[in-house]
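Understanding the architecture of this molecule
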Amino acid sequence: MNNDLHDLFLEELADIYSAEQQLTKALPKMARAAESEELRQAFEEHLEQTQEQISRIDQVFESLDESMKRKTCKAMQGLIEEGTEVMQEYKGSPAIDAALIAAAQKIEHYEIATYGTLCTWAEQMGHPDALDLLKQTIDEEETTDERLTELAESLANPQAEQS
Ligand code: FE
Ligand code: FE
Ligand code: FE
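Quantities reported herein were computed from a predicted structural model and do not represent experimental measurements.

1. Considering the coordination of the iron ion (ligand 2)
Each angle at a metal carrying four tetrahedral donors should ideally be 109.5 degrees, and each at a metal carrying six octahedral donors should ideally be 90 or 180 degrees. The coordination sphere of the iron ion (ligand 2) contains the protein donors Asp 15 (OD), Asp 15 (OD), Cys 73 (SG) and Tyr 110 (OH), at a distance range of 1.9 to 2.6 Å. Classification of the site at the iron ion (ligand 2) rests on its 4 donor atoms, whose angles at the metal span 55 to 156°, yielding the label irregular. In primary-sequence terms, the residues that donate to the iron ion (ligand 2) follow D-x57-C-x36-Y. Here Asp 15 is found in helix H1 (residues 4-33), whereas its partner Cys 73 is found in the loop between helix H2 (37-64) and helix H3 (74-89), with 58 residues between them in sequence. Relative accessible area serves as the criterion here: at 6%, Asp 15 is assigned to the buried category. For Cys 73, a relative accessible area of 0% gives the class buried.

Written as structure tokens, this is what we have:
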């Protein structure tokens, strides 16, 4: 069971765990910055899912009988930093929701990429319990991404364009 792919799997799990932790702090700020009620609600609901996703990662480690090493996801730090910059720049502007959605979708795509890789590795190494947990999470990330696209097209982008 101990090989480099297994180690890499644990390493990536610790990385996405850090990313999700960072998001539990960023999403409430994004919800507060949102102009439309629909977008605020989307961020708040995804915050709840994010907390559930964190506990799923704990369950993945349990299912593997492994413990997690502390790691910081630098990519998520950067994505949140960029999002914060644009949030400050467009504060009070009719384009604020379009800006928030752009930042949020970069975050979701990073998560989808990571969970996609993790699902493939779990399958390769024959970890069905881990795979099941990771699939539940990637479904939530993909649904959130689609919901954000709908909000952008129906609401945020037209509003930003009218200004
Ligand atoms: Fe997530
Ligand atoms: Fe990372
Ligand atoms: Fe997410």
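2. Examining the coordination of the iron ion (ligand 1)
Only Glu 20 (OE), Glu 20 (OE), Gln 53 (OE1), Glu 111 (OE) and Glu 141 (OE) from the protein coordinate the iron ion (ligand 1), and they sit 2.1 to 2.3 Å from it. Between the two metals, the iron ion (ligand 1) and the iron ion (ligand 3), the spacing is 3.1 Å, and Glu 111 donates to both. Taken as a pair, Glu 20 in helix H1 and Gln 53 in helix H2 lie far apart in primary sequence, 33 residues in all. Overall, Gln 53 belongs to the buried group, its relative accessible area being 0%.

3. Some thoughts on the pattern of salt bridges
Counted by the stated rule, this structure contains 6 salt bridges. For the salt bridge of Asp 15 with Lys 71, the shortest nitrogen-to-oxygen distance reads 3.4 Å. Remark: Lys 71 occurs in the loop between H2 and H3 and Asp 15 occurs in helix H1; sequence separation between them is 56 residues. Between Arg 40 and Glu 37 there is a salt bridge whose closest N-O contact spans 3.3 Å. With Arg 40 and Glu 37 both in helix H2 and 3 residues apart, this pair spans about one turn of that helix. Given a relative accessible area of 43%, Glu 37 falls into the partly exposed group. Connected via shared salt-bridge partners are Glu 11, Asp 15 and Lys 71.

4. Structural notes on unusual backbone geometry
Of note, Asp 65 is a non-glycine position whose phi angle comes to about 60°, a positive value. Mapping Asp 65 onto the fold places it in the loop between H2 and H3. A residue is classified by how much of its surface remains accessible, and Asp 65, at 73% relative accessible area, is exposed.

5. Concerning the side chain of Glu 108
Positionally, Glu 108 belongs in helix H4 (residues 96-125). An unpaired buried charge is present at Glu 108: no salt bridge exists, and Arg 147, the closest side chain of opposite charge, is 11 Å distant. Discounting chain neighbours no more than four positions away, the residues touching Glu 108 are His 46, Glu 141, Thr 144, Asp 145 and Leu 148.

6. A closer look at H3
Taking 1.5 Å as the rise per residue, H3 with 16 residues should run 22 Å; its terminal C-alpha atoms sit 23 Å apart, in good agreement. Of all the residues in H3, the buried ones are Met 76, Leu 79, Ile 80, Gly 83 and Met 87. Down the axis of H3, the sector holding all buried residues measures 95°, keeping them to one side. In H3, the exposed positions that point more than 90 degrees away from the buried face belong to Lys 74, Glu 81, Gln 88 and Glu 89. Lining the buried residues of H3 we find H1 and H4.

Each value, and the rule that gives it
Residues numbered from 1 in each chain as written. Chains lettered and ligands numbered in written order. Predicted model: local features only at pLDDT ≥ 70, side-chain atom pairs only at ≥ 80, totals over all residues. Heavy atoms only, no water. Donors = N, O, S within 2.8 Å, 3.2 Å for Na, K, Ca; no water. Tetrahedral: all angles 85-135°; square planar, octahedral: opposite > 155°, others 65-115°. Helix = DSSP H or I, 4+ residues; strand = E, 2+ residues; numbered from the N terminus. Buried < 20%, exposed > 50% of the residue type's maximum accessible area, 1.4 Å probe, protein only. Salt bridge = Lys/Arg side-chain N within 4 Å of Asp/Glu carboxyl O. Lys, Arg positive; Asp, Glu negative; His and termini not counted. Contact = heavy atoms within 4.5 Å. Expected span 1.5 Å × (residues − 1). Arc of directions from axis to C-beta.

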